[in-house]
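Chain and residue survey
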Amino acid sequence: MPSERELARLRWQCRRGMLELDEILLAYLERHYATAAAAEQAAFRCLLGEENPQLQRWLLLDERPADARLHALVEHLRRLTPAD
């Protein structure tokens, strides 16, 4: 189970200054991260290290990451709605 400190740090990293990205990333963090497998949590932390233009291409446009871990996570995130 992630600590409150870790969640607060990740919540801050999810704030990208682009509403669509913020909603997708925060929805995953708040609703799925704590119960995700350790490998998926690690992929999410890695994803947060990417620049906004890359995240936009992956999450909002039709580009997919070459890394298989990130590809699976991006597909999962793309299926989420803010209410999930």
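Residues numbered from 1 in each chain as written. Predicted model: local features only at pLDDT ≥ 70, side-chain atom pairs only at ≥ 80, totals over all residues. Heavy atoms only, no water.

**Here's the deal with the nonpolar core**
Soluble globular proteins tend to bury their nonpolar side chains together. Threshold: Buried Ala, Val, Leu, Ile, Met, Phe, Trp, Tyr and Cys residues that are joined via side-chain atoms within 4.5 Å together make up what is termed a nonpolar core. In this scheme, a residue with accessible area under 20% of its type's maximum is buried, one over 50% is exposed, and one in between is partly exposed, where area comes from a 1.4 Å probe on protein chains only. Under the DSSP-based scheme used, a helix requires at least four consecutive residues in state H or I and a strand at least two consecutive residues in state E, with every element numbered from the N terminus. Contacts are assigned to residue pairs with any non-hydrogen atoms lying within 4.5 Å of each other.
In this structure, Leu25, Tyr28, Phe44, Leu47 and Leu77 are the most contacted members of the largest nonpolar core, which totals 22 residues. At the level of elements, α1 (4-14), α2 (19-31), α3 (38-47), α4 (52-59) and α5 (68-79) are the ones that each hand at least two residues to this core. Of the residues forming this core, the biggest block, five residues, is contributed by α2. In this structure leucine 77 touches Ile24, Leu25, Tyr28, Leu47 and Leu59, once residues within four positions along its chain are discounted.

**Section: α2**
What counts is decided by this rule: The length a helix should cover is 1.5 Å for every residue beyond the first.
In this model, α2 (13 residues) spans 18 Å end to end at C-alpha, consistent with the 18 Å of a helix rising 1.5 Å per residue. Of the residues making up α2, those classed as buried are Leu21, Asp22, Ile24, Leu25, Ala27, Tyr28 and Leu29. Summarising the contacts, the buried residues of α2 are in contact with α1, α3, α4 and α5.

**Here's the deal with the pattern of salt bridges**
Heads up, the condition is: Salt bridges, as used here, are contacts in which a Lys or Arg side-chain nitrogen is within 4 Å of a carboxyl oxygen on Asp or Glu.
Here the structure, examined in full by the defined rule, presents six salt bridges. Residue arginine 57 is joined to glutamate 63 by a salt bridge in which the shortest nitrogen-to-oxygen separation is 3.5 Å. For arginine 57, a relative accessible area of 31% puts it in the partly exposed group. For arginine 69, the salt bridge identified is with aspartate 67, shortest N-O distance 3.7 Å. The structure contains a network of salt bridges with shared partners spanning Asp62, Arg64 and Glu75.

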